[in-house]
Amino acid sequence: ADHVIVTLPLGVLKAGDVKFDPPLPAAKQHAIDTIGAGMVNKLILGFKEAFWPDDMMAIYTASDSQMWWRPGWGRADEAATLTAFAGGQAGAAHSAMSEDDAISNSLENLQAVFGKDVTDLLTFGHFVNWGADPYSKLGYSFNTVGSKGLRKVLAQPIQDRLYFAGEACNTLRPATVHGAMETGIDSAQYIIDLTGSDQPRGLVGWVRSLLGSVGL
C-alpha cells in the first residue's frame, strides 16, 4: 500500500503486539510509552423492576463499581437497567475477575448502597472488560506527568506513508469516540489531498456532516 492509517489502540501499541519494520522513530515510541493507558471497564445489569428512586440519574460510591447510572434516563420506554463504570485500581480489580465474579461483586456493591438484596431481581449481566481485551488493552488514554505535547507527536505521519489515528492522537478531544473518529477522518482527508484523489472525498464529507449534525 502507498499509505497506511494505523488505528491501533494505545494499549496495543504499548504492548508491542505489532512490530514495525523499520522501527518507529524514537520520538514516536517515546510518546507511546509516556501517554497513559487508562484501566477502565463497564458492567451492564438488567433487572425485573427498578429498585432505585425515580429522581436518581446516577450515583457515585466508594465501592469497586464506583459510579452507577441509568442508561435509559429520560426515555419513556426506559428498561430497568443500571450501568457501572469503574477505573483505576477498582477497574484493575474488576479486570482480574471472571464475568460472573464481577457481576456478583457489583450486586454486593448495590446491596450495600440500597440496603436490600437485589440478586433475585437480576435478569442479565454483561461485563465489558476493556483492559483484558487483547484488541484494546485499555479503556482510553490519559495524560501523565511528562506527556504534554506528546499526543501531537503520536499523531504525526511518518514520511507521508504511515499515519496514526485514534483517541490518543486527538489533542482537543482525547478519550472520546468522536475524538477518535475525527483523527481518522483527518488522516483520510490528508491522504486524499496529498494524492489529489477525489474518489473518497464524498464519504469523508458525509461523515463530517454526520458528526456535526449530532453535535460532535
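Described below are features of the structure shown in this document. Remember, it's a predicted structure, so these values are computed and weren't measured experimentally. (Residues numbered from 1 in each chain as written. Predicted model: local features only at pLDDT ≥ 70, side-chain atom pairs only at ≥ 80, totals over all residues. Heavy atoms only, no water.)

1. Describing helix α6 (residues 177-195)
As a reminder, the rule being used: Secondary structure elements follow DSSP: runs of H or I of four or more residues count as helices, runs of E of two or more count as strands, with numbering from the N terminus. The span you would expect from a helix comes to 1.5 Å times its residue count less one. Each residue gets one of three labels from its accessible area relative to the maximum for its type: buried under 20%, exposed over 50%, partly exposed in between, using a 1.4 Å probe on protein chains only. Polar contact is the term for a pair of N or O atoms within 3.5 Å; when the atoms are in protein, one must be able to donate a hydrogen and the other to accept it, and sequence-neighboring residues count only if both atoms are side-chain atoms.
Relative to the 27 Å expected for 19 residues at 1.5 Å per residue, α6 spans 28 Å between its end C-alpha atoms, a close match to the ideal helical length. Taken together, the buried positions of α6 are Gly179, Glu182, Thr183, Ile185, Ser187, Gln189, Ile191 and Ile192. The distance from a side-chain oxygen at the start of α6 to the backbone nitrogen of glycine 179 is 2.8 Å, and the residue carrying that oxygen is threonine 176. A positive phi of about 75 degrees marks glycine 196, the residue just after α6.

2. A short note on the packing of aromatic side chains
Stated precisely, the cut-off is as follows: Here is the rule: rings of Phe, Tyr and Trp (six-membered ring for Trp) pair when centre to centre is within 6.5 Å. Planes less than 30 degrees apart are stacked, more than 60 are edge-to-face, and the remainder are tilted.
In total, this model carries seven aromatic pairs according to the counting rule given. Between phenylalanine 47 and tryptophan 52, the ring centres sit 6.1 Å apart and the planes meet at 70 degrees, which makes this aromatic pair edge-to-face. Summarising the aromatic geometry, the rings of tyrosine 163 and tyrosine 190 are spaced 5.9 Å apart at their centres and angled 55 degrees between planes, so their arrangement reads as tilted. One end of the pair, tyrosine 163, is in strand β9 (residues 162-164); the other, tyrosine 190, is in helix α6, and 27 residues separate them in sequence. The exposure class of tyrosine 163 is buried, given its relative accessible area of 3%.

3. Considerations on the layout of surface pockets
Picture a little ball the size of a water molecule; that probe, rolled over the atoms, points out where space is still empty. Here is the rule: A cavity here means a set of 1 Å grid points, computed over protein atoms only, where a 1.4 Å probe fits but cannot escape. A pocket is an open set with protein on both sides within 12 Å along at least 5 of 7 lines, and lining residues have an atom within 4 Å of a point. Grid points are joined across faces, edges and corners, and a volume is the space filled by probe spheres set on the points. Residues are grouped as follows: Ala, Val, Leu, Ile, Met, Phe, Trp, Tyr, Cys and Pro are nonpolar; Asp, Glu, Lys and Arg are charged; all remaining types, including Gly, are polar.
Space inside the largest pocket adds up to approximately 450 Å³. Gly139, Tyr140, Glu167, Thr176 and Ala180 are the residues nearest the centre of the largest pocket, which is lined by 23 residues in total. Elements with a minimum of two residues in the lining of the largest pocket: α1 (10-15) and α6. By residue class, the composition of the lining of the largest pocket is 17 nonpolar, five polar and one charged. Roughly 300 Å³ of internal volume is contained in the second largest pocket. Looking at the second largest pocket, it is lined by 15 residues, and the ones nearest its centre are Ala155, Cys169, Thr183, Asp186 and Ser187. Of all the elements in the fold, those that place two or more residues in the lining of the second largest pocket are β9 and α6. The element best represented in the lining of the second largest pocket is α6, accounting for five residues.

Everything listed here is a matter of geometry and, on its own, says nothing about what the molecule does.
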